[in-house]
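Chain by chain, the residues run as shown.
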Amino acid sequence: MSPTVTRTISLPVPGASLLEVDDLTVTFPTTAGDVDVVRKASFAVQHGQTLGIVGESGSGKSMTSLAIMGLLPNGGRTTGSVRLSGHELVGRSDREMRRVRGDRIAMVFQDPLSSLNPYYTVGLQIEEAYRAHRGGSRKTARAVTIEALERVRIADASRRVDHYPHQFSGGMRQRIMIAMALCLEPDLLIADEPTTALDVTVQAQILDLLSELQRETGTGMIFITHDLAVVSQVADDVLVMRGGDPVEMGSAEQIFSRPQAPYTRSLLDALPRIDDPFSERPTAPATTGEGQA
Amino acid sequence: MNDAPVLLQASGLTKDFTTKGDGAFRARTTQFRAVDDVGFVVRAGETLGIVGESGSGKSTTARMIAKLIEPTAGTITFDGEDVTAARGPALAAFRTKVQVVFQDPFSSLNPRHTVERIVSAPLDYQGITPKQGKRALVRDLLDRVGLNPDHLQRYPRQFSGGQAQRIGIARALAVSPKLVICDEAVSALDVSVQARIIDLLRDLQAERGLSYLFIAHDLAVVRQIAHDVAVMHRGKVVEQGDREAIFDHPQDEYTKTLLAAVPTIDPGWEAARATMLEQERTDAPAAGRTES
């Protein structure tokens with residue numbers, strides 16, 4: 001336990017954004033030398049707002065979020081600055097970051113089934129996450145858990161809390177992951193392709209749920225996706241990434257109605273339209289994607 | 001109305017899966033009807049899209065059509081012949097006319113085989129010797145799907161996802177099939193790669209008069225390629241018709257729900273972008289012609 005750490009990170013520096021990222025660079029050592037998988041990404045997230053990070057495979061969008069969380073795999077190094085409510089996170093110890101994760105920044109991943117332990121009830125897993133940060137009795141944790149499940153609109157939450165992950169559908173499991181992420185009332189939620197594995201009707205429900213919860217709690221959100229149409233619906237601001245480079249950043253309206261970077265334009269051109277089949281889709285230029293897919 | 005000849009007709013297709021209990025529950029078997037009385041036609045040179053969410057039975061349907069699994073009931077007619085129970089030489093003949101492209105190119109290409117061996121495998125299985133020789137045919141196919149013909153001796157892992165899917169398409173084309181079943185063939189690809197694979201599939205259709213049975217969960221993609229669309233839900237076809245009928249005037253409640261759930265970009269933003277691009281073209285006419 002280190003109460004001072006929690007306190008210093010909890011008290012916001014006046015005038016600071018919820019999250020400010022400056023020149024974030026993520027480097028991995030390889031036998032052929034260092035490779036930057038994210039190069040000088042800069043952005044900010046405000047309370048109650050959503051930043052969408054969009055890009056194709058290998059664009060560095062997921063590595064950006066892992067770097068913010070301090071969860072880079074195998075020797076990955078972060079340089080630049082990541083400030084949460086004005087407090088620098090880069091360079092903090094694992095122990096300090098463990099207090100930040102879950103408590104101040106929570107994360108929801110693509111595949112809820114691989115994030116849940118099949119041998120424990122969903123209730124036990126949410127309780128464990130809660131008690132790891134807040135302590136308290138199991139009884140309190142259980143009450144918080146049931147309330148969290150109710151908040152993500154799981155019907156009959158007081159009974160469902162004792163069910164195992166396999167007893168829930170894919171969409172319900174993702175609701176459980178969101179409940180787990182939000183039970184500690186984090187300031188920032190990072191959602192990494194949270195609806196990619198879901199059917200389109202379920203995806204629509206989860207997107208609605210996330211925006212309702214955001215309105216209720218004022219949580220800031222980073223929404224990472226490869227899907228431009230999804231990001232256009234959820235994000236206030238959008239960062240487009242490609243091959244580790246930030247390509248373009250702006251309000252959602254600006255990115256989608258007045259894209260400046262050629263790459264953003266080619267991505268938008270490549271997007272299949274459900275409402276406009278007759279306009280011939282121009283072939284995406286050979287410089288995009290396939291070489292690194 | 002459509003007067004292209006019917007290439008494939010499925011009627012009353014049904015598939016039951018039986019699950020057996022274990023141990024003390026040995027006696028307990030449950031029947032699950034994955035596909036229930038499904039019928040459709042695929043016309044020569046055209047594409048039938050089958051859309052549905054997970055568990056709708058669309059992949060099971062594709063596997064029955066490809067004759068990878070046996071239907072519990074129903075008939076499949078191909079080129080005027082009943083192939084439902086085809087065995088031996090009749091089945092072999094069917095396999096030269098119907099080929100499949102799968103979702104994950106890396107798990108459907110043998111990692112230990114060279115591209116040449118992968119693409120020519122259907123020829124070997126069917127005992128076909130192409131006139132120009134096997135290697136020349138493989139080179140032609142690679143060239144046609146947009147790969148370097150000199151990469152014959154490379155292995156799948158040396159290619160990107162989009163390139164690997166092109167290898168899968170080349171393999172499907174090796175026996176000059178009439179029908180290619182694409183089971184989520186572009187679902188695993190990035191959007192810019194996906195667009196180019198769809199373009200390739202459409203070009204190949206125009207050139208060779210191919211028919212596609214195009215299975216996908218992504219309605220926007222299906223709209224780009226399908227002439228006719230069948231919507232599946234819980235094992236049944238809930239609605240089918242030509243593309244415009246399904247997308248512009250859906251009748252069935254489930255189809256409407258499905259279409260309404262597809263995320264789209266604000267039409268106002270789309271219009272503004274089109275206006276901006278148009279403006280740029282008129283402002284700088286020379287810049288618009290940089291690429292041929």
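Residues numbered from 1 in each chain as written. Chains lettered and ligands numbered in written order. Predicted model: local features only at pLDDT ≥ 70, side-chain atom pairs only at ≥ 80, totals over all residues.

1. Looking at the overall build of chain B
Consideration 1: If you tally the helices and strands in chain B, you get 10 helices and 10 strands.
Consideration 2: Against the compact-globule benchmark of 19 Å for 292 residues, chain B has a radius of gyration of 21 Å, which places it among compact chains.
Consideration 3: Burial analysis of chain B (292 residues in total) assigns 40% to the buried set. (Helix = DSSP H or I, 4+ residues; strand = E, 2+ residues; numbered from the N terminus. Rg over C-alpha atoms; globule rule 2.2 N^0.38 Å. Buried ≥ 20, exposed ≤ 12 C-beta atoms within 10 Å, placed from the backbone.)

2. Topic: the sheet that holds strand S6 (residues 98-101) of chain B
Residue and element names in this part refer to chain B.
Consideration 1: The 6 strands are arranged S6-S7-S8-S3-S9-S10 in an open sheet whose pairing can be described as mixed. Each end of this open sheet is capped by a strand with a single partner; those strands are S6 and strand S10 (236-242). The average undirected angle you get between the axes of adjacent strands in this sheet is 15°.
Consideration 2: Against the sheet, helix H1 (residues 58-65) touches strand S3 (47-51), strand S7 (179-183), strand S8 (211-216) and strand S9 (228-233), its axis set at about 150° to S8.
Consideration 3: Helix H9 (residues 253-261) contacts S9 and S10 of the sheet and is inclined by roughly 100° relative to S9. (Pairing = 2+ DSSP bridges. Axes fitted to C-alpha atoms, helices over the stretch in contact; angles between N-to-C directions. Contact = placed C-beta atoms within 7 Å.)

3. Some thoughts on helix H5 (residues 161-173) of chain B
Three- or four-residue spacings in an α-helix give side chains the same orientation, since the helix completes a turn every 3.6 residues.
Consideration 1: Relative to the 18 Å expected for 13 residues at 1.5 Å per residue, H5(B) spans 19 Å between its end C-alpha atoms, a close match to the ideal helical length.
Consideration 2: Along H5(B), 13 of the 13 residues are buried, which leaves the element largely enclosed by surrounding structure. (Expected span 1.5 Å × (residues − 1).)

4. Considering the nonpolar core
Consideration 1: Counting 154 residues, the largest nonpolar core has A:Ala179, A:Cys183, B:Leu213 and B:Phe214 as the members making the most contacts within it.
Consideration 2: For this core, the leading source of residues is helix H8 (residues 170-182) of chain A, giving 8 residues.
Consideration 3: Apart from residues no more than four positions distant in its own chain, B:Phe214 is found in contact with B:Thr47, B:Leu48, B:Gly49, B:Cys182, B:Val222, B:Ile225 and B:Ala226. (Core = buried A, V, L, I, M, F, W, Y, C linked by C-beta atoms within 7 Å.)

5. Notes on the interface of chain A and chain B
Consideration 1: Listed as interface residues are 38 residues of chain A and, on the opposing side, 34 residues of chain B.
Consideration 2: The element that contributes the greatest number of residues to the side of chain A that touches chain B is helix H10 (residues 228-234) of chain A, accounting for 5 residues.
Consideration 3: Grouping the amino acids of the side of chain A that touches chain B by side-chain chemistry returns 16 nonpolar, 13 polar and 9 charged. (Nonpolar A, V, L, I, M, F, W, Y, C, P; charged D, E, K, R; others polar.)

6. Focus on the pairing of strand S4 (residues 73-78) of chain B
Residue and element names in this part refer to chain B.
Consideration 1: Here strand S1 (residues 6-20) pairs with S4 via 5 bridges, running antiparallel. When the sheet's bridge partners are listed, leucine 8 is paired in S4 with phenylalanine 78.
Consideration 2: The pairing of S4 with strand S5 (residues 81-82) spans 2 bridges and is antiparallel. Residue threonine 77 lies in a different strand from S5, and its bridge partner there is aspartate 82.
Consideration 3: The antiparallel hairpin formed by S4 and S5 contains 2 residues in its connecting segment, where aspartate 79 sits at a positive phi of about 55°.

7. Concerning the pairing of strand S7 (residues 188-192) of chain A
Residues and elements named next belong to chain A.
Consideration 1: Where burial is concerned, most of S7 is hidden: 5 out of the 5 residues are buried.
Consideration 2: Burial of S7 is two-sided: the residues Leu188, Ile190 and Asp192 facing one way and the residues Leu189 and Ala191 facing the other way are all buried.
Consideration 3: Summarising the sheet, strand S6 (residues 105-108) and S7 pair through 4 bridges and their orientation is parallel. Bridge assignment links valine 108 to a residue of S7, and that residue is alanine 191.
Consideration 4: Sheet topology note: the S7/strand S8 (residues 220-225) ladder contains 5 bridges and is parallel. Across the sheet, residue leucine 188 finds its bridge partner in S8, namely glycine 220.
Consideration 5: Remark: the S7/helix H9 (residues 200-217)/S8 crossover connection has right-handed handedness. (Right-handed = clockwise from strand over helix to strand, strands pointing away.)

8. With respect to helix H6 (residues 138-151) of chain A
Residue and element names in this part refer to chain A.
Consideration 1: Relative to the 20 Å expected for 14 residues at 1.5 Å per residue, H6 spans 20 Å between its end C-alpha atoms, a close match to the ideal helical length.
Consideration 2: Where H6 is concerned, the buried positions are Ala141, Val144, Thr145, Ile146, Ala148 and Leu149.
Consideration 3: Those residues of H6 that are buried lie in contact with helix H5 (122-134), helix H7 (157-160) and H8.

9. Details of the sheet that holds strand S1 (residues 19-30) of chain A
All names here are of chain A.
Consideration 1: Spatially, the 4 strands line up as an open sheet ordered S2-S1-S4-S5, and their pairing is antiparallel. Only two strands of the sheet have a single partner each, and these edge strands are strand S2 (33-45) and strand S5 (87-88).
Consideration 2: Here 2 bridges tie strand S4 (residues 77-84) to S5, and the two strands are oriented antiparallel to one another. Paired with arginine 83 across the bridge in S5 is glutamate 88.

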